[in-house]
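Coordinate analysis (summary)
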Amino acid sequence: MANPLNIVTSLLSTIIFHLYSLLQHLLISIFSPSPPSSNTTLTGPKIAVIGAGLTGVSAAAHCVSHNSDVTIFESSNNIGGIWARVNSTSGLQIHSIMYRFHPSVSYSREYPKREAIVKQIKGVWKRYRLQEKTKFGVKVESVKKASNGNGWIINNDPSLGIFDGVIAAIGTCGDPKVPPVPGIDSFGGVKVHSSQLDGVDVKGKDVAVVGGGASAVEVLEFAAANGAKMVHLLSRSDKWIIPRNPIIDILLSLNIFGAEMYTSYIPEFLLRRFFYRDLADLAPAKEGLWESTPMVNDSVLDQIRDGKAQWLRGDIEKVTKDGIHYNLRARGVPKGGPGNSTFIPTDVLVYATGYSRPSLSFLPSDSFDPPPPNWYLQTFPPAHIDICANNCTYVNAIGTVGHFHIGVYTRLLLMFPTDPLTRPPEGAMRFWVRFTTALKTRAPTKAFDFFTYAELCWWFLECIVVNPFRWKWAPFVVFGWGGLRPMKVVRKEKGLGSGRVEATW
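Residues numbered from 1 in each chain as written. Predicted model: local features only at pLDDT ≥ 70, side-chain atom pairs only at ≥ 80, totals over all residues. Heavy atoms only, no water.

As for the sheet that holds strand β16 (residues 348–351)
Pairing in this open sheet of seven strands is mixed, and the strands run β8-β16-β9-β10-β13-β14-β15 from one edge to the other. The sheet is open, and its two edges are formed by β8 (190–193) and β15 (340–345), each paired on a single side. Taken over all neighbouring pairs, the strand axes of this sheet differ in orientation by 35° on average, direction set aside. On the sheet, helix α4 (residues 214–225) packs against β9 (206–210), β10 (230–235), β13 (309–319) and β16 and is oriented at approximately 175° with respect to β10. (Pairing = 2+ DSSP bridges. Helix = DSSP H or I, 4+ residues; strand = E, 2+ residues; numbered from the N terminus. Axes fitted to C-alpha atoms, helices over the stretch in contact; angles between N-to-C directions. Contact = heavy atoms within 4.5 Å.)

Set out below in structure tokens:
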């Protein structure tokens, strides 16, 4: 029997996407900045962008469209970041309305696959003439101040340029992570990481998936689509699964407190009652919905109900030639706790264990006091307001990969060196971190280990409101309107001095 909630949410999702498709042209015309002409001389701050994934390309496009020159440093020979390295069948788990990483992006499907996403990244890269501003094969190993203290130098090589600001856009997904598993060398079947499924034959086979996150869901979809006999999802912990519907996902991201509240039991109860239904035992027993990034998927629970998949909570004891000995734990029993030992026949073993996080160690050492994500607005190290680690310091969140926050962070970085009176002093940035931490004292996670998109927008509002000298920049920072035109006002303000803003954030 079809899940009524799935039917309703699917219908709503389709309606929203068609409306969204009609509005895309309007959104582009309102929010998409114009590319600079080929003969334009860019006179604004010069920015180094480290990484040519979707965040780096989007940030660089924002820079050049606002009269600021950039150089993109990419260690590989391709653009696209993680999307250039995953399976051809990989795609979005969230609705594309929440994945418009630049205002000029336009999707033709609700849940596009890898090829369509990479196409959009390359489209932005070409549209804003970033080809000539990209240096491939350059791994950034150090970012240091110039000898005179003015500007940043990459890899101790002034010939690469001297920059007014740095955007670290290295993402959160580095090399595939494969943890040690007892007895894995004795396994007689195929073993592969979830990012390397292209060409793997699973038809009629037992597939064991080590891991219970978004990668595991992707493996399940791949295996089901390719005729696997059974998919065994081996998860050490439980994660929330939420419907693949933009209305529900956006509503959950509107928790402005960015943490569990007394009323959190209401959406959690509704999910258990109407989404999990007979599989409510799979919902986390102790972890709240606003404690870690949930999985966004509709098919997992249906595959389990149809007998095509199993969700097994427990710990791997050892791997043998033909399968996995597994300690199956009951709901609420912690990792490593008591359970029932069982054997799982396995032909294909897939590591859905994610990726190692790329290191920000190339930044100056004083950037890590305090360490990320405990930075100003989560992305600016208090010691250096002219460095922005965009989309690479977060831990868990419910939000989007929309163009809004990538653009806001980038435009803040352009505003700070352009207008000295808008720059927060180091002490004020550290105070903001302590203040925000204090506000979330009762949160079950550390203050910056989880946030929502509404909370992020509140941080941006705080940033603008607390300093009157930033008010004139509000249309530029928030919407990208007006470019660097407030500089006319900045010149008149120079005589006012900077003492009045020393205590602001």
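After that view of the structure, there is still more to cover.
A word on the pattern of salt bridges
With the rule as written, the count across this model stands at 13 salt bridges. Residues R236 and D315 are paired through a salt bridge, measuring 3.2 Å at the closest nitrogen-oxygen approach. With R236 in the loop between β10 and β11 (241–242) and D315 in strand β13, this residue pair connects regions lying 79 residues apart in the sequence. We classify D315 as buried; its relative accessible area is 10%. The partner of D315 in a salt bridge is R329, with the nearest N and O atoms 2.8 Å apart. With a gap of 14 residues between them, D315 in strand β13 and R329 in the loop between β14 (323–328) and β15 connect regions that are remote in the sequence. (Salt bridge = Lys/Arg side-chain N within 4 Å of Asp/Glu carboxyl O. Buried < 20%, exposed > 50% of the residue type's maximum accessible area, 1.4 Å probe, protein only.)

Side note on the packing of helix α2 (residues 54–65) against helix α3 (residues 114–127)
Contact geometry of α2 with α3 gives a least axis separation of 9 Å together with a crossing angle of 25°. Considering their axes alone, α2 and α3 lie roughly parallel with respect to each other. In this structure, the crossing between α2 and α3 has a hand that is left-handed. When α2 is examined against α3, the residues L54, V57 and A61 are found in contact with a partner set consisting of I121, V124 and W125. Here the residues of the contact of α2 with α3 sort into six nonpolar, no polar and no charged. (Parallel < 35°, antiparallel > 145°, perpendicular 65-115°, else oblique. Left-handed = near helix turned anticlockwise from the far one by under 90°. Nonpolar A, V, L, I, M, F, W, Y, C, P; charged D, E, K, R; others polar.)

Points about the environment of A48
Within the secondary structure layout, A48 lies in strand β1 (residues 47–50). What makes A48 buried here is its relative accessible area of 0%.

Thoughts on the side chain of K440
Mapped onto the secondary structure, K440 falls in the loop between α9 (426–439) and β19 (450–452). Side-chain polar atoms of K440 contact the backbone oxygen of A447, separated by 2.8 Å. (Polar contact = N/O pair within 3.5 Å; in protein donor to acceptor, adjacent residues only side chain to side chain.)

Topic: α4
Across its twelve residues, α4 extends 17 Å between first and last C-alpha, which sits within 8% of the 16 Å expected from 1.5 Å per residue. Within α4, burial applies to S215, A216, V217, V219, L220, F222 and A223. Where α4 is buried, its residues touch β9, β10, β12 (295–296), α7 (299–305), β13 and β16. Just downstream of α4 lies G227, where phi reads positive at about 75°. (Expected span 1.5 Å × (residues − 1).)

Observations concerning the nonpolar core
In globular proteins that are soluble, nonpolar side chains generally tend to be buried together. Ranked by internal contacts, the top residues of the largest apolar core, which has 106 residues, are W83, Y99, L130, L377, F380 and L412. No other element matches helix α8 (residues 403–418), which puts eight residues into this core. Other than its neighbours up to four places away in sequence, Y99 contacts L54, W83, L92, I94, Y107, I117 and V401. (Core = buried A, V, L, I, M, F, W, Y, C linked by side-chain atoms within 4.5 Å.)

The values reported here are purely geometric and, on their own, carry no functional implication.
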